[in-house]
Amino acid sequence: MDLGDIRNKYIEAVAKASGEAALEDVRVAALGKKGEISALMATLGKMDPEERKATGARLNVLKDEIDAALRARKTALADAALDERLKSEWLDVTLPGRPRRQGTIHPISQVWDELTAIFADMGFSVAEGPQVESDWYNFDALNIPPEHPARQEHDTFFMARAEGDNRPPHVLRTHTSPVQIRSLQANGAPIRIIAPGRVYRMDMDQTHTPMFHQVEGLAIDRDISMANLKWCLEEFCRSFFEVDRVELRFRASHFPFTEPSAEVDIRYSNVGGQLRIGEGDKWMEILGSGMVHPKVLAAAGVDPEQWQGFAFGMGIDRIAMLKYGIPDLRAFFEADLRWLRHYGFSALDVPGLPGGLSR
Ligand code: PHE
């Protein structure tokens, strides 16, 4: 048995292997379970002790040598591949930047900026609150006590609680109304704020998604009335939809945190999936509103004998659908690049009243 020939054969094969797969073939042929070296090892049992000792030792040396050669070649091949990549993927960081203009502003962000511009012009400043809210701010302070049926109607997402913790769980806020309380606590009356933000409810169909956007409005002063609310909303819609004819319908309604309460629908048409505002025979509900309930003012530390005013909560996604003719709410949140390129806005086109809201 000439181990020298066998050695040379495999060392040469290793050197010639041009890739990982070829190397593996060599390994299997030599050292695999049915490989040549393994087969030789299997013959040791039939030898006499002296010969077995000598041959065994030589076979082990040979096995280690081939194994080392395989590893070295593998590393060399990987280094060469990396060199190749580094050569082809180099980048000249001194080249001037070229704009690719791939990103667009999402219609929700655009509408958010548009409505902020309009309300800012009417003297409203922007307020914020947390999306994970205590149930006191989301419900109790808004005159929705624990047993009140409105709690069920809100399809609330509750945060998990630690084992044995019996305090009421925090919730994902179901509306932006808790920001009314937070703003009044922080600043007192008089106040005029809007609070755009994300809200959450367990609901999903063509006009509902589990996360959506609302903008809360709150105006508290000595003598604010329903008439101010109506003017404010009509003025907003004319400005926002950029059409002369906008028709709103105020429907008597009920919210625990306002008295009296009204829901507002807007007239639109849907012809072949194309939504149009100010015409047609359909109505879309876009907001809830009313005069802030005295108990809500009291809960926020404001004296209801001295102060009064209105609040509203408007669906940002809804008014975005209507303004930009988007028939399915779910498309907003699917992150489909083709959709975003079609409905998205240029980042340089910042909405403002002087320059026009949208072009
Ligand atoms: N929070 C109410 C809702 O989400 C809307 C609303 C806000 C109603 C303010 C009245 C006053 O449905």
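Keep in mind that what you see is a predicted model, and the values were worked out from it rather than measured.

A word on the site of the ligand
Part 1 of the reasoning: Taken together, 14 residues are adjacent to the ligand, and His175, Ser177, Arg201, Gln214 and Gly313 come closest.
Part 2 of the reasoning: At a separation of 2.9 Å, an oxygen atom of the ligand approaches a polar side-chain atom of Arg201.
Part 3 of the reasoning: Gln214 places a polar side-chain atom, nitrogen or oxygen, 2.9 Å from an oxygen atom of the ligand.
Part 4 of the reasoning: Here the ligand, which alone exposes 320 Å², has 92% of that area covered by the protein.
Part 5 of the reasoning: The greatest single-element share of the shell around the ligand, amounting to three residues, is contributed by strand S10 (residues 308-315).
Part 6 of the reasoning: Taken together, the residues that form the shell around the ligand break down as four nonpolar, eight polar and two charged.

Quick notes on the pairing of S10
Part 1 of the reasoning: Here S10 lies mainly inside the structure; seven of its eight residues are buried.
Part 2 of the reasoning: Where strand S5 (residues 211-221) and S10 come together, eight bridges link them in antiparallel fashion. Paired with Ile220 across the strands is Gly309, a residue of S10.
Part 3 of the reasoning: Alignment of strand S9 (residues 282-292) against S10, held across five bridges, turns out to be antiparallel.

Section: the domain arrangement of the protein chain
Part 1 of the reasoning: What the domain assignment reports for the protein chain is domain 1 (3-88) and domain 2 (104-346).
Part 2 of the reasoning: For domain 1 versus domain 2, the separation of C-alpha centres amounts to 72 Å.

A short note on the nonpolar core
Part 1 of the reasoning: By size, the foremost hydrophobic cluster in this structure holds 45 residues, and its most contacted members are Phe119, Phe236 and Ile266.
Part 2 of the reasoning: Among the elements that make up this core, the one with the highest residue count is helix H9 (residues 226-241) (seven residues).
Part 3 of the reasoning: Setting aside chain neighbours within four positions, we find Phe119 in contact with Phe124, Ile194, Cys232, Phe236, Phe312 and Met314.
Part 4 of the reasoning: With 24 residues, the next largest nonpolar core counts Ile144, Ile181, Ile220 and Val302 among its residues.

Examining the environment of Gln274
Part 1 of the reasoning: With respect to the helices and strands, the residue Gln274 is situated in strand S8 (residues 274-277).
Part 2 of the reasoning: Accessibility expressed as a relative area gives 40% for Gln274, which makes it partly exposed.
Part 3 of the reasoning: Beyond its immediate stretch of four places on either side in the chain, Gln274 contacts Ser269 and Gly325.

Focus: the packing of aromatic side chains
Part 1 of the reasoning: Throughout the structure, instances matching the rule amount to 12 aromatic pairs.
Part 2 of the reasoning: An angle of 25° between the planes, with centres 6.4 Å apart, marks the rings of Phe310 and Phe312 as stacked. Assigned by exposure class, Phe310 and Phe312 land together as buried.
Part 3 of the reasoning: An aromatic cluster of three or more residues is present, and its members are Phe119, Phe124, Phe236, Phe240, Phe241, Phe310 and Phe312.

With respect to helix H8 (residues 178-187)
Part 1 of the reasoning: Those residues of H8 lying buried are Pro178, Val179, Gln180, Ile181, Ser183 and Leu184.
Part 2 of the reasoning: Gly188 sits one or two positions beyond H8 and adopts a positive phi of about 65°.

Cut-off values and rules
Along each chain, numbering runs from 1 in the same order as the chain's sequence is written. For this predicted model, a pLDDT threshold of at least 70 governs which residues receive local features, and a threshold of 80 or more governs which side-chain atom pairs are given and counted, while totals over whole chains, interfaces and linings are taken from all residues. Based on all heavy atoms of the structure, the side-chain values leave hydrogens and waters out of the count. By convention in these notes, a residue is near a molecule or strand provided one of its non-hydrogen atoms lies within 4 Å of it. Pairs of N or O atoms are called polar contacts if they sit within 3.5 Å, as long as, within protein, a hydrogen donor faces a hydrogen acceptor (for residues adjacent in sequence, only side-chain-to-side-chain pairs). Only the protein chains shown count as covering a residue, and every accessible area follows the Shrake-Rupley method with a 1.4 Å probe. The secondary structure listing takes helices from DSSP runs of H or I that are at least 4 residues long and strands from runs of E that are at least 2 residues long, numbered from the N terminus. The nonpolar class holds Ala, Val, Leu, Ile, Met, Phe, Trp, Tyr, Cys and Pro. Asp, Glu, Lys and Arg form the charged class, and all remaining residues, Gly among them, are polar. The classification of residues rests on relative accessible area computed with a 1.4 Å probe and restricted to protein chains. Under 20% of the type maximum is buried, over 50% is exposed, and intermediate values are partly exposed. DSSP calls a pair of strands paired once it identifies at least 2 bridges connecting them. Each domain's extent is set by a domain assignment, obtained either automatically or from a database. The nonpolar core is taken to be a set of buried Ala, Val, Leu, Ile, Met, Phe, Trp, Tyr and Cys residues, with the residues joined through side-chain atoms within 4.5 Å. Here a residue-residue contact requires only that any non-hydrogen atoms of the pair lie within 4.5 Å. Any two of the Phe, Tyr and Trp rings considered here, Trp counted by its six-membered ring, make a pair once their centres fall within 6.5 Å; the pair's planes then place it as stacked at under 30 degrees, edge-to-face at over 60, or tilted in between.

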